[in-house]
Amino acid sequence: MEVLDATLGCLHQATQGDWQDRQTVASYAQELEGILREGDSAFTVSEDSSGLEHRINEAIHATYGKAVEAGASKAQSAADHLRAAFNEVHGLKPDPSAAYSRAIKAVEAVANPLFLPNEMEPTLGKVRSHLDQGRNKYEMVIADRTGAPANIDAVVAMISLLWHGQRDRHEGGPTTAPVTQEAAETAVHTAAVLVHWISAGSIRKK
């Protein structure tokens with residue numbers, strides 16, 4: 001599996017500038033995916049054919065795909081970061097810390113320009129503070145139980161969870177701790193939902 005993963009990675013990098021070669025590699029990757037699926041392998045070829053990743057629930061994968069598509073419509077970097085985060089957390093050799101960091105960057109790529117357009121050094125933490133302090137200025141496109149547009153409490157809670165959960169961002173603190181695989185998976189999936197919501201306009205000004 002390590003040889004297959006490394007080969008896919010090398011081919012992906014070597015064919016970036018040649019469309020015809022990329023198509024050939026994609027064709028081989030599809031054949032490999034067919035073999036893995038037929039053999040009921042725990043691994044699958046990644047969406048961009050750059051390596052192997054752990055096979056996950058199709059519904060989760062579909063949600064992630066929609067998020068990447070929505071993010072790309074607003075900022076290509078959001079899609080790139082989200083795709084990288086997914087590969088880092090579900091790859092052959094997961095890197096939870098890198099995955100978590102990429103997940104935050106994916107959300108920042110779409111949230112910073114929308115909510116902090118004039119901020120010179122925007123961060124997800126500043127976005128969280130902006131939305132937390134301005135809850136009465138925004139609303140959701142989905143309705144609450146009264147039929148009125150729902151408040152953004154859920155969005156603030158999700159961003160807070162993602163921001164505060166990265167316990168390895170700084171060293172030396174009393175709550176500093178390595179990012180676990182489970183935490184990274186939760187962070188990436190949370191980021192996918194946030195990227196999708198923000199890119200699709202699910203959060204709007206009143």
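Residues numbered from 1 in each chain as written. Predicted model: local features only at pLDDT ≥ 70, side-chain atom pairs only at ≥ 80, totals over all residues. Heavy atoms only, no water.

Enquirer: Explanation requested: the pattern of salt bridges in the structure shown.
Expert: Two side chains with opposite charge may pair up if their charged atoms get near one another. Counted by the stated rule, this structure contains nine salt bridges. Notably, a salt bridge pairs K93 with E2, separated by 3.6 Å at the nearest N-O pair. Here E2 lies in helix 1 (residues 2–14) and K93 lies in the loop between helix 4 (76–90) and helix 5 (96–115), a separation of 91 residues in the sequence. The exposure classification of K93 matches that of E2, with both residues exposed. A salt bridge links R135 to D153; the shortest N-O distance between them is 2.6 Å. Residue R135 is found in the loop between helix 6 (124–133) and strand 3 (138–140), and its partner D153 is found in helix 7 (residues 153–164); the two are separated by 18 residues along the sequence. Under the relative-accessibility criterion, R135 is labelled partly exposed at 31%. Each of the salt bridges in this network shares a partner with another, and the network as a whole consists of R128, D132, R135 and D153. (Salt bridge = Lys/Arg side-chain N within 4 Å of Asp/Glu carboxyl O. Helix = DSSP H or I, 4+ residues; strand = E, 2+ residues; numbered from the N terminus. Buried < 20%, exposed > 50% of the residue type's maximum accessible area, 1.4 Å probe, protein only.)

Enquirer: Which parts of the structure should I look at to understand the nonpolar core?
Expert: L82, V107, F115, L131 and L162 are the most contacted members of the largest nonpolar core, which totals 45 residues. Among the secondary structure elements, those contributing two or more residues to this core are helix 3 (58–74), helix 4, helix 5, helix 6, strand 3, helix 7 and helix 8 (181–200). Top element by residues in this core is helix 5. It accounts for ten residues. Beyond its immediate sequence surroundings of up to four residues, F115 is in contact with V127, H130, L131, Y138, I198 and I203. (Core = buried A, V, L, I, M, F, W, Y, C linked by side-chain atoms within 4.5 Å. Contact = heavy atoms within 4.5 Å.)

Enquirer: I would appreciate a short explanation of the packing of aromatic side chains in the present structure.
Expert: Any aromatic ring pair is given by two values, namely how distant the centres are and how the planes are angled relative to each other. Here the structure, examined in full by the defined rule, presents two aromatic pairs. Taking the centre distance of 3.9 Å and the plane angle of 20 degrees together, the rings of Y64 and F86 count as stacked. Of this pair, Y64 sits in helix 3 while F86 sits in helix 4, placing them 22 residues apart in sequence. We note that Y64, like F86, is buried. Between the aromatic rings of F115 and Y138, the centroid separation amounts to 5.5 Å while the plane-to-plane angle is 80 degrees, which identifies the pairing as edge-to-face. On the criterion of sequence distance, the pair formed by F115 in helix 5 and Y138 in strand 3 is long-range, its members being 23 residues apart. (Phe/Tyr/Trp six-rings, centres within 6.5 Å; stacked < 30°, edge-to-face > 60°.)

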